Amino acid sequence: MSYLKGFLVTFRQIFQTRVTTPYPSKKREKPERLHGRHVLGRYEDGMEKCIGCELCSGVCPANCIYVRGADNPRDNPVSPGERYGFVYEINYLRCIHCDLCVEACPTGAITESKMFEFSFTNRNDAIYTKDELLVDSESGKPKQLPWEDWREGEDLLTSGWLRATSPNGDASYEGQIAWSGDLGYGIRKAEIGQSDSEPQEEGM
Amino acid sequence: MMIIASDPLLSSEIGLSVVAVMLLKVVLAFALLMVSVMLVIWFERKVVADMHNRVGPSLAGPWGILQTLADGIKLFFKEDLLPARADRVVFRLAPYLSLVPAFLSFAIVPIGGDFTNGGDGTVSIFGHRTLLQVADPPVGVLLFLALSSIAVYGVMLAGWSSGSKYPLLGSVRASAQMISYEAALGLAMATVFLSSGTLSTSGIVAGQATWNWNLVATGVIPFVIFVIAGTAELNRPPFDLVEAEQELVGGFHTEYSSIRFALFFLAEFMNMITMSAIAVTLFLGGPNGPILIKQISWVWPILWFFLKVLAFLFTFVWLRATLPRLRYDQLMDLGWKLLIPASLGWFLLIAALNIGEDRGWSTFLVVPIGLLVLSLAALLLNGAIKKARDSNINAADLSEISEGTE
């Protein structure tokens, strides 16, 4: 009669709860540090953080970032420094979302949002320009482009990121504020470093 | 109307109302079958999804109930491919050879009507008394057997005419499988004819209207054999070697696309419904069942019939969700060495009992003697099988040795 046990196994499944999420209509909550589409941040006064140093471009293993810096105009500076990112382009057909550009950036200008649901119908559309990557100059939130699928909460605090070692890249600075001010969000509290005793949430 | 009325064929015995009722029944049966195929495909996908802990179709219509319609429309607008090496005429003909028998065999199934208390199962439509089945030929269930044999041609010719090796292999498997299981199927059905004394489906249903449903004679061994052989006849899991995806891509319909593929699909599910309906008719008393509310007494037989069919459909889906596919030699072993001898033995036992009743032999003598003879035959068969297997193994050993020495 053990032969009939198999039938019970399949029959019992009918009454079990489903684990399926009906994806396009409902998204599961994303992990806190998911690597999605990049954004270029602004300071609280609306100035761009990018200084056109091309470090991100240099570190990029997929060669997908193209940056050209230019001198800031004296009467109307774009960034609080000598130079600013004149051209900033990311090719999303090449990008592997490794976040090395984010770690390389000396001003924390480039970060990644949690949104990865976007698509294109030709190769040129896959190249995001500086206009598309920059956060909105009023609210400081990422621009929600028509071909992207943003959901509630996915555009919040997109400038959050963490270095592999500590919030500052140096263990002795652990727990100290490492963020420059963000347009729309201001200066945020220091994040917990990896050596912190507080356990990370499981089941990411 | 005047032309029909003045027709010499219709003027004497067959009135216009008979023709009208007949036409109505044909159209109704056709529509019923089409709609139920649509719902059954959805039902199967939904239930098998439940058993896999999935969701299943859920987007087209409420609970995805229109999914089949969407699939049908999609298939209809797909390109209709004709392989270069196909036999064109046969390739086009084959789907219809599958579909038409599937349609026709449903015609003999009574789907309603009161057979209890000596009722003959007729109902009154527009003052005309008729059975709730399209046709009630005297040969009855033999028509079903004949049509299911024709359906083998549909599968066989589809595979052969595709001009491709996977369909050919699939169809060779299919015809071998369907022909071998038809024997067990037929023998299980023969037991039913023997105990009901008629081939007509309405007669068989009327014979089961008593309290015992012929439970001992047909309800256990022939019923189980019929369900197993019927599953094999339908090429459904665990006997779906015909279209075993892992081995044959898609089996006999690999080269078919567009609406021709849809026709095969339609035929497959229609056969599933028909097989369930035939099983209900032969073994479970068709539309018989308690009539609970007297005011709408005509509803209950139809309801009981559909509930019984639904139980069968659920079982077929359950089998699919649970059992892995058999190996081909296991399939043949089960068919030839177990099902055919078992059904034949039971058939002979029932036949002996019937003759004994006619001649006035004692039942207490017929049963033990019959069982003794049958167990002797089983022993002989077992011995023969064992001997054949041993000699096969020996032959294999010998050939291995001779290969090794060379």
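Predicted model only: the values in this text are computed from it and were never measured.

Student: Looking at this model, I keep getting lost on the nonpolar core. Mind explaining?
Tutor: Side chains of nonpolar character tend, in soluble globular proteins, to be buried together. Residues and elements named next belong to chain B. Among the nonpolar cores identified, the biggest contains 66 residues, and Met189, Phe226, Met270, Met272 and Leu282 are the most heavily contacted of them. Elements supplying a minimum of two residues to this core: α3 (16-51), α5 (88-105), α6 (141-161), α7 (165-196), α10 (221-233), α12 (258-283), α13 (299-322) and α14 (328-359). Of all the elements, α12 adds the most residues to this core, at 14 residues. When residues no more than four places from it in sequence are discounted, the contact partners of methionine 272 are Val40, Glu44, Leu234, Arg236, Leu313, Phe316 and Val317.

Student: Mind showing me how you'd approach the pattern of salt bridges here?
Tutor: Pairing between side chains of opposite charge can happen when the charged atoms of each approach one another. All names here are of chain A. What the rule picks out here adds up to 19 salt bridges over all chains. A salt bridge links glutamate 154 to lysine 27, with the nearest nitrogen and oxygen atoms 3.4 Å apart. Here glutamate 154 is found in the segment after α4 (130-133), whereas its partner lysine 27 is found in the loop between α1 (5-13) and β1 (38-40), with 127 residues between them in sequence. Comparing glutamate 154 with lysine 27, the two get one shared label, buried. The residue arginine 151 makes a salt bridge to aspartate 149 at a minimum N-O spacing of 3.0 Å.

Student: Is there a simple way to think about a nonpolar patch on the surface in this case?
Tutor: Residues and elements named next belong to chain B. On the surface, Leu66, Leu69, Ile73, Phe76, Phe77 and Ile259 cluster together to form a nonpolar patch covering roughly 610 Å² of accessible area. Considering each element in turn, the nonpolar patch owes the most residues, 3 residues, to helix α4 (residues 67-76). Judged by its relative accessible area of 31%, isoleucine 259 is partly exposed.

Conventions we followed
- Residues numbered from 1 in each chain as written.
- Chains lettered and ligands numbered in written order.
- Predicted model: local features only at pLDDT ≥ 70, side-chain atom pairs only at ≥ 80, totals over all residues.
- Heavy atoms only, no water.
- Core = buried A, V, L, I, M, F, W, Y, C linked by side-chain atoms within 4.5 Å.
- Buried < 20%, exposed > 50% of the residue type's maximum accessible area, 1.4 Å probe, protein only.
- Helix = DSSP H or I, 4+ residues; strand = E, 2+ residues; numbered from the N terminus.
- Contact = heavy atoms within 4.5 Å.
- Salt bridge = Lys/Arg side-chain N within 4 Å of Asp/Glu carboxyl O.
- Patch = residues over 30% accessible without salt bridge, like charges linked within 9 Å, V, L, I, M, F, W, Y side chains within 5 Å.
- Areas by Shrake-Rupley, 256 points an atom, 1.4 Å probe, with all protein chains shown as cover.

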